[in-house]
Each structure stands twice: as C-alpha cells, then as structure tokens.
Amino acid sequence: MGNKVIYLDNAATTKVRPEVVEAMLPFFTENYGNASAVYSVGAKAKEALTTAREQVAKVIGAKTEEIYFTAGGSESDNWALKATAELMKEKGNHIITSKIEHHAILHTCEYLEKQGFEVTYLDVDEEGVVDLEQLKAAIRPTTILISIMFANNEIGTIEPIKEIGAIAREHGILFHTDAVQAFGQVPINVDEMNIDMLSASGHKLNGPKGIGMLYIRKGVKIRSFVHGGAQERKRRAGTENIPGIVGFGKACEIAVNTMKERMQKETELRDYLMARIEKEIPYVKINGSRVNRLPNNVNVCFRFIEGESMLIMLDQKGICGSSGSACTSGSLDPSHVLLAIGLPHEIAHGSLRLTLSHETTREDINYTVDELVKIIERLRQMSPLYEDFIKKQK
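For every chain, the first residue of the written sequence is number 1, and numbering continues from 1 onward in sequence order. Reporting of local features is limited, given that this is a predicted model, to residues whose pLDDT is at least 70; pairs of side-chain atoms are given and counted only at 80 or more, and all residues count toward the totals for whole chains, interfaces and linings. By convention in this description, side-chain values take in all heavy atoms of the structure and omit both hydrogens and water.

Enquirer: How do you make sense of the overall build of the protein when you look at a structure like this?
Expert: Going along the chain from the N terminus, every DSSP run of H or I of four or more residues is numbered as a helix, and every run of E of two or more is numbered as a strand. Within the protein one finds 14 helices and 12 strands. The globule rule is 2.2 Å times the number of residues to the power 0.38, and the radius of gyration it is compared with is taken over C-alpha atoms. Its C-alpha atoms give the protein a radius of gyration of 22 Å, near enough to 21 Å, the size a compact globule of 394 residues would have. Any residue under 20% of the maximum accessible area for its type is buried, any over 50% is exposed, and the rest in between are partly exposed; the area is computed with a 1.4 Å probe on protein chains only. For the protein, the proportion of its 394 residues judged to be buried stands at 57%. By definition in these notes, contact holds between two residues if any of their heavy atoms fall within 4.5 Å. Taking the contacts inside the protein whose residues are at least 6 apart along the sequence as the reference set, 73% of them involve residues at least 24 apart. A total of about 17,300 Å² of accessible surface is found on the protein, and carbon and sulfur atoms cover 53% of it. Note on areas: these come from Shrake-Rupley sampling with a 1.4 Å probe, and a residue is covered only by the protein chains present in the view.

Enquirer: What am I meant to see in the sheet that holds strand β3 (residues 94–98) here?
Expert: Whenever strands of a sheet pair, they do so through backbone hydrogen bonds, lying parallel or antiparallel. Here, any two strands with at least 2 DSSP bridges between them count as paired. Ordered by their spatial adjacency, 7 strands build an open sheet running β2-β8-β7-β6-β5-β3-β4, and the pairing between neighbours is mixed. Here the strands that pair on one side only, and so sit at the sheet edges, are β2 (67–70) and β4 (118–122). Taken over all neighbouring pairs, the strand axes of this sheet differ in orientation by 20° on average, direction set aside. Note that β3 and strand β5 (residues 143–147) share 3 bridges and pair parallel. Residue pairing for β5: I95 is matched across the bridge by L145. Lines are fitted to the C-alpha atoms to define the axes, a helix being fitted only along its stretch in contact, and any angle between axes, read from their N-to-C directions, falls within 0 to 180 degrees. Against the sheet, helix α4 (residues 73–88) makes contact with β2, β5, β6 (174–178), β7 (197–201) and β8 (212–216), and its axis sits at roughly 160° relative to β7, the strand it touches most.

Enquirer: Explain the packing of aromatic side chains here, please?
Expert: Stacked, edge-to-face and tilted labels apply to pairs of Phe, Tyr and Trp rings (six-membered ring for Trp) whose centres lie within 6.5 Å, assigned for plane angles under 30 degrees, over 60, and everything in between, in that order. Inspection of the entire model under this criterion finds 8 aromatic pairs. Ring geometry for Y283 and F389: centres 4.8 Å apart, planes at 85°, overall edge-to-face. Highlighted residues: Y283 in the loop between α9 (242–280) and β9 (284–286) and F389 in helix α14 (residues 384–393), separated in sequence by 106 residues. Members of the aromatic cluster, connected to one another through ring pairs, are Y283, F304, Y386 and F389. Directly above the aromatic system of F389 lies the positively charged group of R303, at a separation of 5.2 Å from the ring centroid. By the criterion adopted, a ring carries a charge over it if an Arg CZ or a Lys NZ lies within 6 Å of its centre and within 35 degrees of its normal.

Enquirer: Help me out: how do you make sense of the pattern of salt bridges in this one?
Expert: Two side chains with opposite charge may pair up if their charged atoms get near one another. Should a side-chain nitrogen of Lys or Arg be within 4 Å of a carboxyl oxygen of Asp or Glu, the pair is scored as a salt bridge. Enumeration according to the criterion identifies 20 salt bridges in this entry. Here D9 and R353 are joined by a salt bridge, their closest N and O atoms 3.2 Å apart. Residue D9 is found in the loop between β1 (6–7) and α1 (18–24), and its partner R353 is found in strand β12 (residues 351–355); the two are separated by 344 residues along the sequence. Here the two residues D9 and R353 agree in accessibility, since each one is buried. Note that E280 and R276 form a salt bridge whose closest N and O atoms lie 2.7 Å from each other.

Enquirer: Would you explain helix α3 (residues 40–60) in this entry?
Expert: Every α-helix carries 3.6 residues per turn, so stepping three or four residues along brings you back to the same face. To estimate the expected span of a helix, subtract one from its residue number and multiply by 1.5 Å. The terminal C-alpha atoms of α3 lie 31 Å apart, and with 21 residues this matches the ideal 30 Å at 1.5 Å per residue to within 8%. Looking only at α3, the buried set comprises G42, A45, A48, L49, A52, R53, Q55, V56, A57, V59 and I60. Of the surrounding elements, those touching the buried residues of α3 are α2 (26–29), β2, β7, β8, α8 (231–234) and α9. One or two steps after α3, the chain reaches G61, where phi turns positive at roughly 65°.

Enquirer: What exactly am I supposed to notice about a nonpolar patch on the surface here?
Expert: Among the surface-exposed residues, Y32, V38, Y39 and V41 lie close enough to one another that they form a single nonpolar patch of about 480 Å² accessible area. As for its position among the elements, Y32 is in the loop between α2 and α3. The class of Y32 is exposed, set by a relative accessible area of 57%. A patch consists of residues whose relative accessible area exceeds 30% and which take part in no salt bridge; residues with like charges are grouped when within 9 Å of each other, and nonpolar side chains (Val, Leu, Ile, Met, Phe, Trp, Tyr) when within 5 Å.

Take it as geometry only, folks, not as evidence of what the structure does.
This is the structure in structure tokens:
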C-alpha cells in the first residue's frame, strides 16, 4: 500500500470537502466584513449567514430562526443543559439522561449536580438502547429536562428518539438530543420526533472544526450562554465565525443531497466489514445494535488483547482507527459506553472503532481486515491470557 493512509476514524473528525473549503475562502479575504456592520462588505457576510442558517435548518426540518450557531457540539450541549437548568429551577431540579452519553453531557450533568440539581442516569441494554419503561418510571413532578443522544458515538446505536420525544411531550418536559454523530448521517425531523433542542457539529460531516449549532424550538425560552453583543438574536454573543458558518452550511447542503446513496453505500461496506471480521477472527464481539445503527459505524472487541497496541500496529500499516472515543483517548480506563452495555473490563480494553466515510472503498476494507487478522494473531501470541485460554480449550 506504500504511504497510503486509510482513514477510518470519521466519528472523531472528518476531512473537509473541497467544495466546502472553496465556499469558505472568499470570507477570509474578500467578504471579510462583520455581519453586524451596515456597509456592503458586512452585508455580504450577513447574507451568507442567512443562507447557511437555511442550509443547516433543512437537515432537521427546522425553521431558520430556530438555529443558533455555536463553537461546536460541546458548547451546544453545555448551553442546552445549563440554560435549561437555570430557566426551570423554580419548577424543578431533576434531569434525566443516559449512562452512555458523550462527556459533554455527562460532565455538564456532574457540574449541575454540584449546583444542587438531581440527575438520573438511565441504564441501557446490551445493544446500548435506552429502556423506555425505565425512562417513564424515572419521571418526577420535578423533572425539567430529558437529554438522550440521537446515536452513540462509540457503538453507533440509534436511540428511539421519536418515542422519547413523545414521552417528554406528554409530561410537559423539555427534550434535548445530542445529535452530533447522527446529524447529516441519518434522517432527522425535529417536529415528527418532538425534539425541543438539538446539538450538532460541523466537523463530523465534512465541514470545518470549531463550528456547531444548537436548535432551540420556537417558544423554548432558555437564556443566552455567552454574554456580550446582540449576535444570534441576542442569544449567543461574539462576532460570528462567518467562514466556519459558511463551510458548515455548505457541508449541510451536500449532506442532505447525498444522504440516501451515502447511507446505502456505507451500510453495505459496514456490514461487509463486520462479516469479514466475524468470519476470519475468532473470539470477537460486535458491539451495538445490528439494525438501528449508524451506517458508518463498526465497533468490535477482540478478546485477549489490549486496544492501544492494536491501534499502534494499525497505524504502522497506515490505518487510522480508534479505541473508545477520541475525547477520552488520553485515558487508560475502558470506555464508559462499553462498561454500560455490560462488557467486563478485560474485554472492553480490546475495543476497536472503525468509522467509514463516503470515500471509503471495498479495497480499503479488504486491506484493513487483512492487516487486522495478522495484528490480532500477533498480539494474541504475546498474550499469556490467550495461552492459558487455549490450553484450557484442549
């Protein structure tokens, strides 16, 4: 393969599409005006802002005035939770979320618990799906917010969002979903799914980094999170990142137009990748739902090996994957998601997440599996646990 890089970590971040870069460039050098200014250089920026807002709203069937630009998914998650807590604290202090949320949600919940809020962390089944009966049972008169992710960033499981939205609506509770992994990857409609707030990020769908959005349904009165000027209809201060917003908008437009064939292609490759791994490598476990799953996500645990060594050896062969999620790859603890779906520590440590893109080919998949077979075999030969296991089998 020479120096070819096979990038299979698209859940961590994606390559910016050339059309997106092209759309952004004029806003660095020619139309560099401030969108709040009255002169024409500023007016061009304002016009671009409006167009991008329409492009983003279209992905989820929202109104343009319900889209608020942020610096990314983590900020949007923080805003949704902290501002709702502040707004509703007279009504109640109870929040419901799940054990497999992204740390942007979990750590914000921990912060709110220190402020006197109470949080229920719902269990998930072995596929990572939230139990709707448990959700209903967790609701109290003081419950002010339900926040459940649309699809899990590690194991790819898509949650029953429409049903959760209906339960929240029925009880008059605000419903937020962290849709960072699902936005632009699978169909989402905020009205049909009763979603009040939704977080998304540009760099997960071939847009730039450092730009995201929070959808806030019209009528939801949460306050601004960043104070200062009157940008974003007085709800998020700071001069708008016009190049980023334009890039995000363009990426959304492409995502909407290509979604159907992209989903089909990625699902086929995903299933082919899973089938080859299961057939050719013994003692493996595919994690997450087989049916309600992101088209591009494969998460697998290999017994008797340690994920870190596997990633390093894959990297030496030009293959980029991940173990757990990128935001926690500095930590040696096994993923909280894998523990929540009931995997023991020693198996969770041997996890590999491969996430495809529209550019991934069957050749890429074949090369990856061929190398993976050799790597797993090599690592197991070095494992005393594996040696003991094989002896016991005999």
